[in-house]
Amino acid sequence: MKQLFKEMDTTSESVAPLVMVKVLHMTIPRFAEKGEQGGFQQQDANECWTELMRMMSEFLPGEGSTTSETVRSTFIQQYFGGENTTTLKCSETEEEPETKSIEKWTQLRCHINQDVRYMQLGLTMGLKENIEKTSPILGRNAVYAKTSLVSRLPAYLTINFIRFFYKEKENINAKVLKDIKFPMSYDAYDLCSPELKDKLTPARDAFESFRQKKIQKELSAEVRNKNEKPEEVPEARYESSSFAEDIGSNNSGYYELQAVLTHQGRSSSSGHYVAWVKHKDDDWLKCDDDKLSIVKEEDVLKLSGGGDWHVAYTLLYGPKRQQIWDEEEKKDEEKPVEEKPVAVVEKMQE
């Protein structure tokens with residue numbers, strides 16, 4: 001992967017990732033499976049993303065890590081890894097006390113059924129489920145209610161829409177085409193534990209304070225004499241989007257959509273994948289194999305599903321950046337700031 005990024009940085013032409021694909025096939029043989037015609041079989045793109053995250057987690061050390069024994073000691077764990085506080089309660093006996101544990105993840109799942117029309121509901125459903133496991137009190141398998149709350153939000157939040165399911169009769173992985181709306185700006189606050197919500201409050205208050213000041217400034221500008229020389233706009237500076245004691249976390253719960261992976265087709269074993277990546281302002285890049293084109297935000301929002309067009313399968317959100325108010329910036333030059341978002345690509349190139 002490091003070599004691939006170097007090649008892309010040295011040319012404006014398209015680059016065939018032959019070496020990376022070869023290594024991927026050697027490392028994960030199932031991605032090298034071939035069909036009856038001799039060509040490579042279609043593979044699930046989200047499974048590939050998951051495997052890439054796992055492999056990078058093994059080789060990319062975390063920022064500030066001194067040993068591999070530290071919690072969240074890898075770059076992927078720091079910037080892409082979340083945690084849930086999970087409670088298990090046996091539904092078949094009151095004698096068994098509930099248990100709590102911490103579960104780590106690198107993506108949240110958006111479950112889809114007839115009631116789900118928006119991403120938020122699908123995510124909420126994914127935090128509650130019934131599972132079956134052995135009960136030490138009953139001495140047999142029993143049903144447990146599993147409830148989870150997010151106790152750690154990563155800087156970069158990956159969300160996978162559960163759009164494929166196995167149809168035993170047809171022996172295929174069919175696709176759910178239902179239209180599920182997703183936002184450009186996402187607030188994960190409602191998914192969080194009470195403890196994390198308390199920790200998120202200061203940064204969220206800072207966002208609201210900035211918004212109010214901006215509104216007041218815009219109102220003042222409207223009544224200003226039109227002949228008056230406009231104020232010079234200072235270069236934007238930003239607050240850190242992570243907790244000081246937790247590198248790579250999200251300290252507000254606010255996110256902005258950075259990329260969308262779509263699938264076009266009716267089955268996971270066929271069809272076509274396309275990446276849509278935020279460029280700047282309202283411009284997005286549609287990455288369709290070696291074809292690159294500019295699209296608008298409204299085009300990306302149409303990827304929510306409902307037909308045979310490109311359907312959102314995996315979303316990547318990045319931290320919403322809190323700009324420092326220019327007046328406060330002059331008063332407090334020593335306040336820690338974040339000059340730019342974390343560049344994951346730069347980390348991979350090290």
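Reading the values: rules and limits
- Residues numbered from 1 in each chain as written.
- Predicted model: local features only at pLDDT ≥ 70, side-chain atom pairs only at ≥ 80, totals over all residues.
- Heavy atoms only, no water.
- Axes fitted to C-alpha atoms, helices over the stretch in contact; angles between N-to-C directions.
- Helix = DSSP H or I, 4+ residues; strand = E, 2+ residues; numbered from the N terminus.
- Parallel < 35°, antiparallel > 145°, perpendicular 65-115°, else oblique.
- Contact = heavy atoms within 4.5 Å.
- Nonpolar A, V, L, I, M, F, W, Y, C, P; charged D, E, K, R; others polar.
- Pairing = 2+ DSSP bridges.
- Buried < 20%, exposed > 50% of the residue type's maximum accessible area, 1.4 Å probe, protein only.

**Things to note about the packing of helix H2 (residues 18–27) against helix H3 (residues 45–59)**
The axes of two packed helices give the description: the angle between them and the distance between them.
Okay, so step 1: Contact pair H2 / H3: the axes reach a minimum separation of 12 Å and the direction vectors enclose 85 degrees. Between H2 and H3, the crossing angle belongs to the class labelled roughly perpendicular. Contacts between H2 and H3 involve Met20, Leu24 and Thr27 from the former and Cys48, Leu52 and Met55 from the latter.
Okay, so step 2: Considered class by class, the residues forming the contact of H2 with H3 number five nonpolar, one polar and no charged.

**Structural notes on the sheet that holds strand E2 (residues 99–105)**
Okay, so step 1: If you walk across this open sheet you meet the four strands as E2-E1-E5-E4, and the pairing is antiparallel. Every other strand in the sheet has two partners, leaving E2 and strand E4 (128–135) as the edge strands with one partner each. The average undirected angle you get between the axes of adjacent strands in this sheet is 35 degrees.

**What about unusual backbone geometry?**
Okay, so step 1: In this model, aspartate 281 sits at a positive phi of 50 degrees, which is unusual for a non-glycine residue.
Okay, so step 2: As for its placement among the helices and strands, aspartate 281 is situated in the loop between strand E11 (272–280) and strand E12 (283–288).
Okay, so step 3: What makes aspartate 281 exposed here is its relative accessible area of 67%.
Okay, so step 4: In this structure, aspartate 289 takes a positive phi of about 55 degrees despite not being glycine.
Okay, so step 5: Within the secondary structure, aspartate 289 sits in the loop between E12 and strand E13 (291–296).

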